[in-house]
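Remarks on the overall topology
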Amino acid sequence: MEGKSRANTGPGEDEHYVVISSDSHAGAGLRDYKPYLEKKWHEDFDAWADAYENPWDFVDPRLEREDFDFGEEEILTGAASWHSALSWDSPRRILHMDQDGVAAEVIFPNTAPPFMPGSVFAGTGPATRTEYEQRWAGLQAHNRWLVDFCSEAPGRRAGIAQVSLFDIDDAMAEVRKIKEMGLTGGILLPMDSPLSDSPPLYVSDLEPLWQICAELDVPVHKHAPVPPQLPHAERGGPGMVAISAIENHFYNRRGVAHLIFSGVLERHPSLKVILTEGGAGWIPEHLHQLDTIYDHGKSADGFRRFLQPAMEPLSLKPSEYFQRNFFLGASLFLPSEAAQRYEIGVDKIMWGVDYPHSEGTFPYSREAISHTFADVPPDEVRAMLGTTAGEVFNFDMQLLQQVADRIGPTVADVRTRPAKLPEVPGQSMSPVFA
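Residues numbered from 1 in each chain as written. Predicted model: local features only at pLDDT ≥ 70, side-chain atom pairs only at ≥ 80, totals over all residues. Heavy atoms only, no water.

On to the pattern of salt bridges. If the charged atoms of two oppositely charged side chains come close together, the side chains can form a pair. What the rule picks out here adds up to 19 salt bridges. Its salt-bridge partner being Lys-34, residue Asp-46 comes within 3.0 Å of it at the nearest N-O pair. A residue pair is termed long-range when its members are at least 10 positions apart, and Asp-46 in helix α2 (residues 42-51) and Lys-34 in the loop between β1 (20-26) and α2 qualify at twelve residues. Relative accessible area serves as the criterion here: at 25%, Lys-34 is assigned to the partly exposed category. Ionic contacts of the salt-bridge type, sharing partners, join the residues Glu-15, Asp-379 and Arg-382 into one network. (Salt bridge = Lys/Arg side-chain N within 4 Å of Asp/Glu carboxyl O. Helix = DSSP H or I, 4+ residues; strand = E, 2+ residues; numbered from the N terminus. Buried < 20%, exposed > 50% of the residue type's maximum accessible area, 1.4 Å probe, protein only.)

Okay, here's the thing in structure tokens:
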């Protein structure tokens, strides 16, 4: 692959990095999903759409930036309507990607699929079979829409399909279908929530899903947990936001342990698992903890004998499974985490924008990249910004290099910390600049 061959050459100051955002979001407008549903659901869909309320409504400070093309309508609205519109406005997204220096994007959902009780699919169990069938039809409608959306920017988008874990046969059929339809981003597991009743990842019921994803080279994604939404935010009070931030890492930590100690990765050594928008600084300490448990389980002394049945089938240490099977969608990637890159694994890190979310780096991605990577060797920057994601998601790197040569940041750009950085935090909600 071109990315590998280029990594062995000394980069010039004018070389353009291929930037692939491992964390972007898109979804159809609420009623635009209707054509992607079977007609038998149309009447139910209309009733659901009439009752649905967008839980996000705030004025976005990024609209104050004067040197960026947001568009007149976006500046006038400045709220959730602008935030949502960027989910499906393909030409505007491409313009923003070019201005932000991003050659390609890996796309998670962003708007509520039909029949969902909230803004995202959080794994809340259906009360009836009909409710399940409605929600499953809604997820499939999103996946079909996403195929068309990705086709509007050939070579620059890898779409991630949504699946439910309440009927594994349906999920397996959808994995085969999205592979045939050309969605190259993989599948998204239901987003974690304290109220989710999706099965934990270690249960044997999920084994056929892991098997088919490994066989078809379909990456499996865990994203940040569901943020507090009504009515639970009202019941929980303002503390829920802080609690959500604290628990952000927890769900990814748990997922890593589930997949390793249940033997999923031992049975499916080629399975790719991607953890996105869950931080990265926790990984070295967590892997040390898991390795310690593994070592304890190799002994029959005292309480350790309880661990033996889980550890005996494992041929690798947890940290070794992590290095073989896991990747990080490292959006909101902090300079302090970049300093830990060798402990985390440079070849595991895939930088991301989190477009169009307000906590993401858009439209300050050039500044964010320089702020985070100014002191990092160019070969490592190249891997974390693009070539690793190019390999994981099978992007055409030659095509993307042509795009990057037109719009991407250069080695010199990244090495130079932005002179106007002190002005950025006032217009950005991204923790990268904190």
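One finds Trp-210 and Phe-373 to be the most contacted residues of the largest nonpolar core, which totals 94 residues. By residue number, the principal contributor to this core is helix α6 (residues 129-151), which donates ten residues. Discounting chain neighbours no more than four positions away, the residues touching Phe-373 are Phe-333, Trp-351, Val-381, Met-384, Leu-385 and Val-414. Listed in part, the 25 residues of the second largest apolar core include Val-18, Val-120, Ile-274 and Ile-407. (Core = buried A, V, L, I, M, F, W, Y, C linked by side-chain atoms within 4.5 Å. Contact = heavy atoms within 4.5 Å.)

Right, let's talk about the confidence of the model for the protein for a bit. The predicted model of the protein has a mean per-residue pLDDT of 87, with 85% of residues at 70 or higher. Overall, residues 1-9 carries pLDDT values under 50, and its contacts beyond four positions in sequence, including any with other chains, amount to 17 contacts. Confidence over residues 72-82 falls short of pLDDT 50; this stretch has 24 contacts with residues more than four positions distant or in other chains. (pLDDT = per-residue confidence, 0-100.)

A complete count under the given rule lists three cavities of 30 Å³ or more for this structure. Of the volumes computed, that of the largest cavity is approximately 60 Å³. Mapped by element, the contributors of at least two residues to the lining of the largest cavity are β1 and α5 (90-100). Here the lining of the largest cavity gets three residues from one element, more than from any other, and that element is α5. Split by residue class, the lining of the largest cavity holds five nonpolar, three polar and two charged. (1 Å grid on protein atoms, 1.4 Å probe; cavity = no way out; pocket = protein on both sides within 12 Å on 5 of 7 lines; lining within 4 Å. Points joined across faces, edges and corners; volume = space filled by probe spheres on them. Nonpolar A, V, L, I, M, F, W, Y, C, P; charged D, E, K, R; others polar.)

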